[in-house]
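# Report on the structure
Spelled out from the first residue to the last, the chains are:
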Amino acid sequence: MAVDLLLGLQWGDEGKGKIVDVLTSNYDIIARFQGGPNAGHTLEFDGIKHVLRTIPSGIFHKTAVNVIGNGVVIDPVVFQKEIEGLEKFNLDIKSKLIISRKAHLILPTHRLLDAASEASKGKAKIGSTLKGIGPTYMDKTGRNGIRVGDIELEDFKDRYRALADKHEAMIAFYDVNIQYNLEELEKEFFESIEELKKLDFIDSEEYLHQAQKAGKTILCEGAQGSLLDVDFGTYPFVTSSNTTAAGACTGLGIAPNKIKEVYGIFKAYVTRVGSGPFPTELFDEDGTTMARVGNEFGSVTGRQRRCGWLDLVALKYAVQVNGVTQLMMMKGDVLSGFETLKVCTDYNYKGEKIAHFPYNIEPENVTPVYKEFKGWKADLTGMTTYEELPIELKEYIEYIEQEVEVPIKIVSVGPDRKQTILK
């Protein structure tokens, strides 16, 4: 049985959680393949807004099994709080949530190291969420990391102590003023480890292999967005993992030839959180309106998102790198009311007009070239069929499809799972 993959095509915050939730009824298994607790997937239904950080977005469906893959980094403290937040919904988390033994653990000292590193950079900060994710991935690639499977070993606490002591020496090296009580943080950490042990740990690559052999349907869920990929994103203003389609193979142990559909999620405009270049960013009333109407604040961090017009150069690049087979456009309703919409079709790059995503998109090198579209006034939030949508929006959608050469199959017109139009 083939495996389908869902990921974001911009700088994250595209609305992946909602679409996973919408699609979950079609799948037996939802598997998260990378990222850490900085990723806030927001789902809204029955008048309640849910924010998930580590747990896959299929947790609210009765039949889906949710897998946290080896490519994910887990903070046990954050994870425990996430589970406690779900308790009131009477979910059978014990039988519906399983964790790869090869997933790495975020230690309290990883978070402290993150804060010390970022503080030492001064104005050159990269916009870390300070969740300890970067340092955890550094330990992973440096072959120092502690994994979920290590919890089952008799010398787990010795392994922990050795790595935490190393981290404290590194924190001292940064020579910045970081106040902390490690004893208190460790007490909370080890209490959370005991809670983590109540869930089933699996060899996820074998579990998913057997699931495929048994004909189970699997949806791989990504976090962040393609332009934050550590290899293909706007480096160094990126996350620490592979957010692109290749990350599903390495983050779950699934062979490339098993992947069938690649669902690419993008907003009808673009947002970005934190530092880094953003060619179509708006600093005027239009950008302010997008942020206000779209409620563009991070679901986990609360940070205000920067807003800008849709960038087709970047979108084509993400579609190409991921091998996207179907597109899903989010937040079409936010653009209602604009007299004129703009879409970036090319870049002026160092005096030359280009249509591909270059190595460097800093503002001194790149200026966007725009095509204008007529806006629409209609309120989309109550519409349920594609036929109801304003002609101007349909023209906007059809132009995007023509340019990226991939069909848009879903148009989201609001945050609720019911506000989803199938095309």
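What counts and how
- Residues numbered from 1 in each chain as written.
- Predicted model: local features only at pLDDT ≥ 70, side-chain atom pairs only at ≥ 80, totals over all residues.
- Heavy atoms only, no water.
- UniProt positions renumbered as here; feature names shortened; annotations may be inferred.
- Helix = DSSP H or I, 4+ residues; strand = E, 2+ residues; numbered from the N terminus.
- Rg over C-alpha atoms; globule rule 2.2 N^0.38 Å.
- Buried < 20%, exposed > 50% of the residue type's maximum accessible area, 1.4 Å probe, protein only.
- Contact = heavy atoms within 4.5 Å.
- Areas by Shrake-Rupley, 256 points an atom, 1.4 Å probe, with all protein chains shown as cover.
- Lys, Arg positive; Asp, Glu negative; His and termini not counted.
- Charge placed at Lys NZ, Arg CZ, Asp CG, Glu CD.
- Core = buried A, V, L, I, M, F, W, Y, C linked by side-chain atoms within 4.5 Å.
- Domains from an automatic or database assignment.
- Disulfide = S-S within 2.5 Å.
- Axes fitted to C-alpha atoms, helices over the stretch in contact; angles between N-to-C directions.
- Left-handed = near helix turned anticlockwise from the far one by under 90°.
- Nonpolar A, V, L, I, M, F, W, Y, C, P; charged D, E, K, R; others polar.
- Pairing = 2+ DSSP bridges.

Per an unreviewed UniProt entry, the protein carries the name Adenylosuccinate synthetase and comes from Flavobacterium frigoris. Of the protein, the UniProt comment under Sequence similarities (unreviewed entry) reads exactly: "Belongs to the adenylosuccinate synthetase family." For the protein, the Function (unreviewed entry) comment in UniProt is given as "Plays an important role in the de novo pathway of purine nucleotide biosynthesis. Catalyzes the first committed step in the biosynthesis of AMP from IMP."

### Some details on the overall build of the protein
Counting its regular elements, the protein contains 12 helices and 20 strands. Its C-alpha radius of gyration of 21 Å places the protein within 12% of the 22 Å reference for a compact globule of 423 residues. Each principal axis of the C-alpha atoms in the protein carries an extent, and together these give about 65 × 50 × 40 Å. Counting across all 423 residues of the protein, residues that qualify as buried make up 58%. Looking at the protein alone, contacts between residues at least 24 apart form 76% of all its contacts between residues at least 6 apart. Accessible area of the protein: about 18300 Å², with a carbon and sulfur share of 49%. Here the protein contributes 50 positively and 61 negatively charged side chains, and the mean placements of these two sets differ by 1 Å.

### Remarks on the nonpolar core
Of all hydrophobic cores here, the largest spans 75 residues; its most connected members are Met329, Leu389, Tyr396 and Ile400. Of the residues forming this core, the biggest block, 7 residues, is contributed by helix 11 (residues 312-322). A domain-level breakdown of this core finds at least three residues from each of domain 1 (2-101 + 201-263) and domain 3 (267-422). In contact with Tyr396, other than residues within four places in its own chain, are Ala268, Leu310, Met329, Leu335, Leu341, Val343 and Phe373.

### Side note on the state of the cysteines
Inspection of the entire model under this criterion finds 0 disulfides. Cys220 carries a free sulfur, and the closest cysteine sulfur to it, the one in Cys249, is 8.0 Å from it.

### Quick word on the packing of helix 6 (residues 156-174) against helix 7 (residues 182-196)
Interaxial distance between helix 6 and helix 7 falls to 13 Å at its minimum, and their mutual angle equals 145 degrees. Judged by the twist between their axes, the crossing of helix 6 over helix 7 is right-handed. The segment helix 6 lies against helix 7, with Phe156, Lys157, Tyr160, Arg161, Ala164 and Glu168 engaging Leu182, Glu186, Phe189, Phe190 and Ile193. Class assignment of the residues belonging to the contact of helix 6 with helix 7 gives a composition of 7 nonpolar, no polar and 4 charged.

### A word on the sheet that holds strand 9 (residues 200-202)
Strand order in the open sheet made by the 10 strands is 9-7-5-2-10-1-11-15-19-20, with mixed pairing throughout. Every interior strand has two partners, whereas the edge strands, strand 9 and strand 20 (420-422), have only one. On average, adjacent strands in this sheet sit at an angle of 25 degrees to one another, irrespective of strand direction. Bridge count between strand 11 (residues 259-267) and strand 15 (residues 326-330): 5 bridges; the pairing is parallel. Residue Phe266 lies in a different strand from strand 15, and its bridge partner there is Met329.

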